[in-house]
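Coordinate analysis (summary)
The lines below spell out each chain.
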Amino acid sequence: MPTLDFKGKQFVYSHHLSVPFRELKVVAEKSLPQEGKTASLDDNLIIHGDNLEALKALLPTHAGKVDCIFIDPPYNTGNEGWCYNDNVRSPLMQEWLKKSANPVDKEDLERHDKWLCMMWPRLTLLKELLAETGSIWITLDDNEFHRLKIVMDEIFGEENFIGTIIWQKKYSTKSDTKYFSEEHDFMAVYSKNPTKFSMGGLERTDSQNASYKNPDNDPRGPWTSGDLLRMESRDYAIYEITSPTGVVSVPPKGSSWRFNKDKIEELIADNRIWFGEDGNSRPRFKRFLSEVQDTIPAQTIWKYHEVGNSDSAKKSLGQMFTDKGDIFATPKPVDLINRVLTLINNNQAIVLDSFAGSGTTANAVLEANKKDNGNRKFILVECEDYADTLTAERVRRVINGYPFQGKQKQELLSEKITWSVFEKKHAELLEKIAKVEEKHSNDFDKIKKELKDGVLTVTGERKVDEFAPGIGGSFTYCTLGEPIQIESLLTGEAMPSFDALARYVFYTATGQSLETVAKASADGFIGETDLFRIHLFYRPDSEWLRSNEAALNAEKVEVIAKNNATKKRTIVFAVAKFMSQKDLTEKRIEFCQLPYAIHRIMGA
């Protein structure tokens with residue numbers, strides 16, 4: 001498989017391994033916990049910090065557990081002014097970055113190399129966090145999409161490519177363009193494992209169902225007809241079909257019927273072939289509404305009237321922050337991410353956005369939960385200083401409501417139609433609009449209907465005098481603590497908490513995350529996998545660690561062995577042991593001395 005080479009690749013290829021683990025520190029005063037509860041890491045998370053270090057910090061708790069990743073990384077147009085410095089441990093790399101421009105701008109001829117160096121370790125960690133049934137969705141434009149595709153094929157595997165979506169982000173033509181008016185972005189979609197990944201579809205609309213009729217009063221209900229021709233010539237499928245009125249049909253030259261003669265005779269006997277109301281038309285195949293799925297496959301082109309556009313997203317965010325003016329240049333529409341959430345079809349999903357920006361992903365998750373009473377959770381990571389004042393503040397306002405005076409608008413229905421369709425189906429459309437009006441009559445002061453540029457739009461409008469209502473929810477705001485330096489157990493400085501070290505040693509020993517640390521017990525048990533039971537004897541107290549109480553002894557071994565009913569292999573982390581390895585081996589116990597023996601046991 002072809003791979004992409006770029007400056008610095010050999011230095012960032014395994015850089016994610018050298019990124020230190022950091023403990024997630026809860027900032028209670030910036031959190032918004034559920035009523036009656038304290039802020040905790042079990043809630044939705046908004047993490048302020050470098051996203052590379054934040055992704056590494058999430059591994060002990062979320063490796064292999066994230067169902068959906070949506071990221072909107074820098075497009076690298078040369079106008080964003082983003083900076084790259086991941087402190088890669090290479091003198092050559094450090095010298096290169098020291099001598100080149102930062103922030104990255106249009107004059108930087110190596111900006112594509114820097115972007116790839118920035119993305120590589122982050123994509124690698126995102127893959128580790130993704131569940132086997134999960135998927136990742138990445139938005140970009142022409143500046144880097146072609147490079148991203150090759151890199152994703154290398155990191156995730158070409159066989160895990162699901163598709164490329166084209167999102168129409170603009171609804172009007174740019175008059176000042178030189179060649180083409182750019183109106184779209186791309187979205188790359190990859191799975192962790194295509195054999196375990198499944199994607200839902202979109203709900204069928206009334207107008208789609210309206211094309212099913214029943215002119216012959218078939219007891220199986222409404223149906224629509226499809227062409228019986230195949231646009232290639234196959235000898236076994238070229239023959240005459242005679243209608244009930246005696247009209248003979250044969251496939252035109254270069255084509256053939258879709259089925260062989262025996263199959264056609266079965267279908268005619270089953271009243272599955274339609275010859276028109278007068279019986280003289282070319283035969284067609286009947287498809288019944290009762291046999292089609294409730295959903296239809298999503299297409300790879302997403303129109304602005306279906307999932308929102310850049311202007312509507314910015315306007316919506318501006319209405320939420322009327323007290324702050326223009327605070328974010330390029331927010332994504334909530335409906336765009338809602339479409340992603342609809343397709344992953346999991347109302348319990350953990351959704352991660354490591355380039356959180358204005359917090360649209362959290363907004364979409366909360367709205368989706370409100371709509372279907374789901375229990376999705378979001379994890380946002382934002383490195384910029386506005387993580388609290390914009391990203392988290394937006395989520396607070398979505399949850400609690402926000403000061404607002406003026407008109408609020410919400411799109412309730414949008415369908416692309418032509419005049420001929422309107423002439424044929426105006427009755428069905430009017431009925432559909434009436435249902436929308438009835439459903440939302442108490443939510444809005446006015447419901448406006450508009451047919452413009454081939455799009456029928458129904459919009460709810462309400463006047464808000466003081467305060468726009470919230471939709472509920474909660475989150476915990478976090479920062480990144482000091483790196484977990486296992487050597488701190490020797491110095492007694494910046495020692496990790498018990499839970500942080502427990503999750504750290506569990507992940508490094510098994511390669512799996514520990515969602516909940518077991519309650520303190522005499523045998524030091526913290527968690528288990530299908531193959532291992534993990535034990536830790538530790539307190540963030542240097543005096544205790546120097547005492548005999550911290551060592552693995554015969555009494556503790558006896559309790560460990562007694563509680564190991566499944567006879568799994570046991571790994572024990574402690575600062576010392578008062579047992580011979582021979583005795584431990586007989587009981588299937590492997591001793592790992594803190595701080596020296598923190599390692600990953602391959603094959604777990």
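Residue positions are given per chain, counting from 1 as you read along its sequence in written order. Restriction of local features to residues with pLDDT of at least 70 applies here, the model being predicted, together with a cutoff of 80 or more for giving and counting side-chain atom pairs; totals for whole chains, interfaces and linings are based on all residues. In computing side-chain values, all of the structure's heavy atoms are included and hydrogens and water are not.

We apply this condition: UniProt positions are given in the numbering used here, feature names are shortened, and annotations may be inferred rather than shown by experiment.
Going by the annotation in an unreviewed UniProt entry, the name recorded for the protein chain is site-specific DNA-methyltransferase (adenine-specific), with Vibrio hepatarius given as the source organism. The Sequence similarities (unreviewed entry) comment attached to the protein chain in UniProt states, word for word, "Belongs to the N(4)/N(6)-methyltransferase family." UniProt, in the comment section headed Catalytic activity (unreviewed entry), describes the protein chain in these words: "a 2'-deoxyadenosine in DNA + S-adenosyl-L-methionine = an N(6)-methyl-2'-deoxyadenosine in DNA + S-adenosyl-L-homocysteine + H(+)".

**A look at the overall build of the protein chain**
Here is the rule we go by: Strands here are runs of E lasting at least two residues and helices are runs of H or I lasting at least four, both read from the DSSP assignment and numbered beginning at the N terminus. Each residue gets one of three labels from its accessible area relative to the maximum for its type: buried under 20%, exposed over 50%, partly exposed in between, using a 1.4 Å probe on protein chains only. Note on definitions: a residue-residue contact is assigned when non-hydrogen atoms from the two residues lie within 4.5 Å.
Counting its regular elements, the protein chain contains 19 helices and 28 strands. Principal axes of the C-alpha set define a box for the protein chain whose edges measure 100 × 60 × 55 Å. Across the 604 residues in the protein chain, those meeting the buried criterion constitute 50%. Considering only contacts in the protein chain between residues 6 or more positions apart, those separated by 24 or more positions represent 72%.

**What about a positive patch on the surface?**
This is how the line gets drawn: Patches were defined on residues exceeding 30% relative accessible area and lacking a salt bridge, with like-charge contacts within 9 Å and nonpolar side-chain contacts (Val, Leu, Ile, Met, Phe, Trp, Tyr) within 5 Å. For the area figures, the Shrake-Rupley method with a 1.4 Å probe applies, and any residue is considered shielded solely by the protein chains shown. Within this document, salt bridges are pairs made up of a side-chain nitrogen of Lys or Arg and a carboxyl oxygen of Asp or Glu, the two lying within 4 Å of each other. Under this rule, positive means Lys or Arg and negative means Asp or Glu; His and the chain ends count for nothing. The atoms used to mark charge sites are NZ of Lys, CZ of Arg, CG of Asp and CD of Glu.
Judged by side-chain charge, K407, K446, K448 and K452 come together as a positively charged surface patch. Considering each element in turn, the positive patch owes the most residues, 3 residues, to strand β21 (residues 446-452). With respect to the secondary-structure elements, K452 resides in strand β21.

**Some remarks on the sheet that holds strand β27 (residues 569-574)**
Keep this limit in mind: One requirement defines pairing of two strands: DSSP has to find at least two bridges between them. Axis definition: a line fit to C-alpha positions, over the contact stretch in the case of helices; interaxial angles, taken between N-to-C directions, run 0 to 180 degrees.
On the basis of which strands lie adjacent, the open sheet formed by 4 strands has the order β25-β26-β27-β28 and mixed pairing. Two strands in the sheet have a free side with no partner beyond their single neighbour: β25 (525-528) and β28 (589-593). Each neighbouring strand pair of the sheet contributes to a mean axis angle of 20°, computed without reference to strand direction.

**So, helix α11 (residues 334-344)**
For α11, a buried count of 9 out of 11 residues is recorded, marking the element as mostly surrounded by other parts of the structure. Just past α11, the residue N345 takes up positive phi, approximately 55°.

**Regarding the pairing of strand β22 (residues 455-464)**
Burial within β22 is extensive, with 8 of its 10 residues counted as buried. In this structure, β21 lies alongside β22, joined through 7 bridges in antiparallel fashion. Paired with K446 across the bridge in β22 is E461.

**A closer look at the sheet that holds strand β8 (residues 223-227)**
With antiparallel pairing, the 3 strands of this open sheet are ordered in space as β8-β14-β13. Either end of the sheet is taken by a strand with one partner, and the two such strands are β8 and β13 (273-274). Here 2 bridges tie β13 to strand β14 (residues 284-288), and the two strands are oriented antiparallel to one another. Paired with W274 across the bridge in β14 is R284.

**Some points on the packing of aromatic side chains**
We count it as follows: In this analysis, rings of Phe, Tyr and Trp, with Trp reduced to its six-membered ring, are considered paired at centre separations within 6.5 Å, and the interplanar angle assigns stacked below 30 degrees, edge-to-face beyond 60, and tilted for intermediate values. By definition here, charges over rings are those cases where NZ of Lys or CZ of Arg is within 6 Å of the ring centre and within 35 degrees of the ring normal.
On inspection of all chains with the given rule, the structure shows 11 aromatic pairs. Pairing F156 with Y190 gives two aromatic rings, centres 6.3 Å apart and planes at 50°, and the pair type is tilted. Taken together, the positions of F156 in helix α6 (residues 145-157) and Y190 in strand β6 (residues 184-191) put the pair 34 residues apart, joining distant regions of the chain. Of the two residues examined, F156 and Y190, each falls in the buried class. One aromatic cluster is present, built from ring pairs that chain together F6, Y13 and W120. A cation over a ring is seen here: K56 above F21, with NZ or CZ 4.8 Å from the ring centre. Of note, K149 hangs over the ring of F161, and the distance from its end group to the ring centre comes to 4.1 Å.

**Quick notes on the domain arrangement of the protein chain**
How big an interface is tends to be stated in terms of the accessible area lost upon association of its parts. Spelled out, the test is: Domain start and stop points were drawn from an automatic or database domain assignment. We define buried area as the total accessible area lost by two parts upon association, computed with a 1.4 Å probe and summed across both. Any N or O atom pair separated by 3.5 Å or less is treated as a polar contact, with the protein-specific requirement of one donor-capable and one acceptor-capable atom, and with residues adjacent in sequence counted only for side-chain atom pairs.
Its domain assignment divides the protein chain into domain 1 (33-171 + 182-202 + 298-403), domain 2 (206-291), domain 3 (406-465) and domain 4 (483-593). Look at where the C-alpha atoms of domain 1 and domain 3 centre, and you get two points 31 Å apart. Of the residues lining the interface, 5 residues belong to domain 1; the matching set on domain 3 comes to 6 residues. When the two sides are added together, the surface that domain 1 and domain 3 hide from each other amounts to roughly 490 Å², 33% of it contributed by carbon and sulfur. Summed over the shared surface of domain 1 and domain 3, the result is 0 salt bridges. Run the count over domain 1 and domain 3 and you get 0 residue pairs in polar contact (both at pLDDT 80 or more).

**Looking at the pattern of salt bridges**
All told, the structure shown has 32 salt bridges when counted by the stated rule. Its salt-bridge partner being K25, residue E23 comes within 3.7 Å of it at the nearest N-O pair. You can call E23 buried: its relative accessible area is 18%. For K25, a relative accessible area of 39% gives the class partly exposed. Salt bridges sharing common partners tie together K30, D388, E393, R396 and R397.

**So, the packing of helix α12 (residues 360-372) against helix α13 (residues 386-400)**
The condition is simple: Here the word oblique covers every angle except those under 35 degrees (roughly parallel), over 145 (roughly antiparallel) and from 65 to 115 (roughly perpendicular). If you view the pair so one helix is near and one far, a crossing is left-handed when the near helix is turned anticlockwise from the far one by less than a right angle, and right-handed when it is turned clockwise. In this classification, the charged set is Asp, Glu, Lys and Arg, the nonpolar set is Ala, Val, Leu, Ile, Met, Phe, Trp, Tyr, Cys and Pro, and all remaining amino acids, among them Gly, are polar.
Where α12 meets α13, the axes come as close as 9 Å, and the angle between the chain directions of the two elements is 20°. With respect to their mutual orientation, α12 and α13 come out roughly parallel. Two packed elements cross with a definite hand, and for α12 against α13 that hand is right-handed. Of the residues in α13, those touching α12 at T360, A362, N363 and L366 are R394, V395, V398 and I399. Among the residues forming the contact of α12 with α13, the class breakdown is 5 nonpolar, 2 polar and 1 charged.

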